[in-house]
Amino acid sequence: MSTIKLNKPPADSEEAPKRSKPVRRASPTLRDRTQPPPKPVPKVVEKAPPADRQNARTEKPGRQDRSRHEHKPGDKPYARKDARNAPGRESRNDSQHNARKEYSSDRPVRRDDSVPRRPIPPTDPDAQPRLSKVMADRGLCSRREADDWIVNGWVKVNGEIIEALGTRIDADAEIIISTYAKEYQAENVTILLHKPVGYVSGQAEDGYEPAVVLVKPENQWSEDPTQKTFHRGIFHGLAPAGRLDIDSTGLLVLTQDGRIARVLIGDDSSVEKEYLVRVEGELSASGMAKLNHGLSLDGVQLKPAKVSWQNEDQLRFVLREGRKRQIRRMCELVGLKVVGLKRIRIGRISLGKLPAGQWRYLGEHEKF
């Protein structure tokens, strides 16, 4: 009985192909192209509970527990690391890690509503100064002019136009004035008048006329250095910046410019005013010392003055304040009687050759 091998064709057969290597058979699943390949089954990894988190780290696959390793006597595979972590010695990285850990543990990740928050103090709008006051304090204009400029929309605060009166702003806010306001302010005039005796400085009283009635074309000084002509518009808002008694004469300032009025009669004004005072009576050395400093009026001590003899019957006073009838009352306190008083200078502006009853304009380059 003969045996026939089915997996190998006869050697003399011409139809049998010649193969140098054996063919690897494919799996039945891949051989059938009509069926999709099988999907991989996801592995389910059980999470360790939080209490056993430290133990779970050592049981993860791929990590080895170094405590289970057995070492031979004398073998120190971790001698260098043990030396760094020896008691009493802390590595730099470990100290930084502990510092970060300690700091991060104190910072809450989420805000706890039970922790009281620091209250933010509310801003009191009434504590802020008014815009007009800030403008006057900076010397931009008077408070009356500031109100006019605000109404006309000529004032910007931090880039925003302010048109409401009484607006309160920060004391250090940026204030920009329109060129229209500056042109309007440049048109304001200031008049220097040599007031004679018998005229009051302000409004009419007791039958005496105000000094402003002397401001008319025929009374303008012919030697006025400004060469400006008279026009009726100068009376609008023209007011005296300071006063002279009815019985006094000399330099009187009438102005439309609020800045000049503030400089001359403001609460913080320190502009000198010089007077020539004709007196009667005897003045002792102690009385002269009191005139310079040491007298009080209405319970308020007067500021230091400069008082000296101009001639045998005339004193020269230089004051930095202007109380009502101050010089006359000062002289009465030291036994003197004033028979004549003339103001000859205010700041850097002197009366000069201006005749009594006449007036002139303040020049553009003249400053008090």
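Up top is the structure these notes are about.
About the cut-offs
Residues numbered from 1 in each chain as written. Predicted model: local features only at pLDDT ≥ 70, side-chain atom pairs only at ≥ 80, totals over all residues. Heavy atoms only, no water. Helix = DSSP H or I, 4+ residues; strand = E, 2+ residues; numbered from the N terminus. Buried < 20%, exposed > 50% of the residue type's maximum accessible area, 1.4 Å probe, protein only. Contact = heavy atoms within 4.5 Å. Areas by Shrake-Rupley, 256 points an atom, 1.4 Å probe, with all protein chains shown as cover. Pairing = 2+ DSSP bridges. Phe/Tyr/Trp six-rings, centres within 6.5 Å; stacked < 30°, edge-to-face > 60°. Arc of directions from axis to C-beta. 1 Å grid on protein atoms, 1.4 Å probe; cavity = no way out; pocket = protein on both sides within 12 Å on 5 of 7 lines; lining within 4 Å. Points joined across faces, edges and corners; volume = space filled by probe spheres on them. Nonpolar A, V, L, I, M, F, W, Y, C, P; charged D, E, K, R; others polar. Polar contact = N/O pair within 3.5 Å; in protein donor to acceptor, adjacent residues only side chain to side chain. Core = buried A, V, L, I, M, F, W, Y, C linked by side-chain atoms within 4.5 Å. Salt bridge = Lys/Arg side-chain N within 4 Å of Asp/Glu carboxyl O.

1. Section: the overall build of the protein chain
Part 1 of the reasoning: The secondary structure content of the protein chain amounts to ten helices and 14 strands.
Part 2 of the reasoning: Among the 368 residues that make up the protein chain, the fraction classed as buried is 30%.
Part 3 of the reasoning: If you take every contact in the protein chain between residues at least 6 apart in sequence, the share linking residues at least 24 apart comes to 62%.
Part 4 of the reasoning: Accessible surface computed for the protein chain: about 27,800 Å², of which carbon and sulfur atoms make up 49%.

2. A few points about the pairing of strand S11 (residues 314–319)
Part 1 of the reasoning: Across the six residues of S11, five count as buried, placing the element largely inside the fold.
Part 2 of the reasoning: Looking at chain direction, strand S10 (residues 306–311) and S11 are connected through five bridges and run antiparallel. Along S11, the bridge assignment pairs Lys306 with Val318.
Part 3 of the reasoning: Taking the residues between adjacent antiparallel strands as the criterion, S10 and S11 are bridged by two residues.

3. Details of the packing of aromatic side chains
Part 1 of the reasoning: Under the criterion given, the structure shown has three aromatic pairs.
Part 2 of the reasoning: Aromatic side chains Phe230 and Phe235 sit 5.8 Å apart centroid to centroid with 70 degrees between the ring planes, which places their arrangement in the edge-to-face category.
Part 3 of the reasoning: Residue Phe230 is classed as buried on the basis of its relative accessible area, which comes to 17%.
Part 4 of the reasoning: Their ring planes at 85 degrees and their centres at 5.2 Å tell us that Trp359 and Tyr361 sit as a pair that is edge-to-face.

4. A look at the pairing of strand S7 (residues 273–280)
Along any regular strand, the residues point their side chains to alternate faces of the sheet.
Part 1 of the reasoning: With respect to burial, S7 is a largely interior element, six of its eight residues being buried.
Part 2 of the reasoning: The pairing of S7 with S11 spans six bridges and is antiparallel. Directly across from Lys273, in S11, lies its bridge partner Leu319.
Part 3 of the reasoning: Bridge count for S7 against strand S12 (residues 337–346) is eight bridges, and the pairing is antiparallel. Within S12, the residue paired with Tyr275 across the bridge is Arg343.

5. Observations concerning helix H6 (residues 143–151)
Part 1 of the reasoning: For H6, the set of buried residues is Glu145, Ala146, Trp149 and Ile150. Looking down the long axis of H6, one finds its buried residues gathered within 135 degrees of arc, a one-sided arrangement.
Part 2 of the reasoning: The first or second residue beyond H6 is Gly153, which carries a positive phi of 75 degrees.

6. Describing the sheet that holds strand S1 (residues 155–157)
Part 1 of the reasoning: Here three strands make up an open sheet; going across it, the order is S2-S1-S3 and the pairing antiparallel. The strands lining the two open edges of the sheet, one partner per strand, are strand S2 (160–161) and strand S3 (175–177).
Part 2 of the reasoning: Looking at chain direction, S1 and S2 are connected through two bridges and run antiparallel. Among the inter-strand pairings, Val157 is bridged to a residue of S2, identified as Glu160.

7. Points about empty space enclosed by the protein
Part 1 of the reasoning: Evaluated as defined, the whole model comprises one cavity of 30 Å³ or more.
Part 2 of the reasoning: Of the residues that constitute the lining of the largest cavity, the class distribution is four nonpolar, one polar and three charged.

8. Digging into the side chain of Ser269
Part 1 of the reasoning: With respect to the helices, strands and loops of the structure, Ser269 is situated in the loop between helix H8 (258–265) and S7.
Part 2 of the reasoning: Reaching out from Ser269, the side chain makes a polar contact with the backbone oxygen of Val263 at a distance of 2.6 Å.
Part 3 of the reasoning: Ignoring anything within four residues of it in the chain, the contact list for Ser269 reads Arg262, Val263, Leu264, Lys303 and Arg320.

9. As for the nonpolar core
Part 1 of the reasoning: Of all hydrophobic cores here, the largest spans 22 residues; its most connected members are Tyr275, Val277, Leu291, Leu315, Phe317 and Ile327.
Part 2 of the reasoning: Of all elements in the fold, only S7, helix H9 (285–292), S11, helix H10 (326–333) and S12 reach the threshold of two or more residues within this core.
Part 3 of the reasoning: Leu315 has contacts with Tyr275, Leu276, Val277, Val279, Leu283, Met288, Leu291, Val307, Ser308, Trp309, Gln310 and Leu336, leaving out every residue within four places of it along the chain.
Part 4 of the reasoning: Grouped together as the second largest cluster of nonpolar side chains are 16 residues, Leu131, Trp149, Ala173 and Ala181 included.

10. Notes on H9
Part 1 of the reasoning: Those residues of H9 that fall on the buried side of the exposure criterion are Gly287, Met288 and Leu291. Projected down its long axis, H9 shows its buried positions confined to an angular sector of 100 degrees, all on one face.
Part 2 of the reasoning: Contacts made by the buried residues of H9 are with S10, S11 and H10.
Part 3 of the reasoning: In the stretch just after H9, Gly294 is the one whose phi turns positive, near 135 degrees.

11. So, the pattern of salt bridges
Part 1 of the reasoning: Counting across every chain of the model gives 15 salt bridges.
Part 2 of the reasoning: Between Arg259 and Asp257 there is a salt bridge, with its nearest N and O atoms 3.2 Å apart.
Part 3 of the reasoning: The closest approach of N and O atoms between Arg345 and Glu274, which form a salt bridge, is 2.7 Å. Linking Arg345 in strand S12 with Glu274 in strand S7, this pair joins segments that are 71 residues apart in sequence. With respect to burial, Arg345 and Glu274 carry one shared label: buried.
Part 4 of the reasoning: Connected through shared salt-bridge partners, Glu272, Glu274, Lys306, Arg316, Arg320 and Arg345 make up one network.

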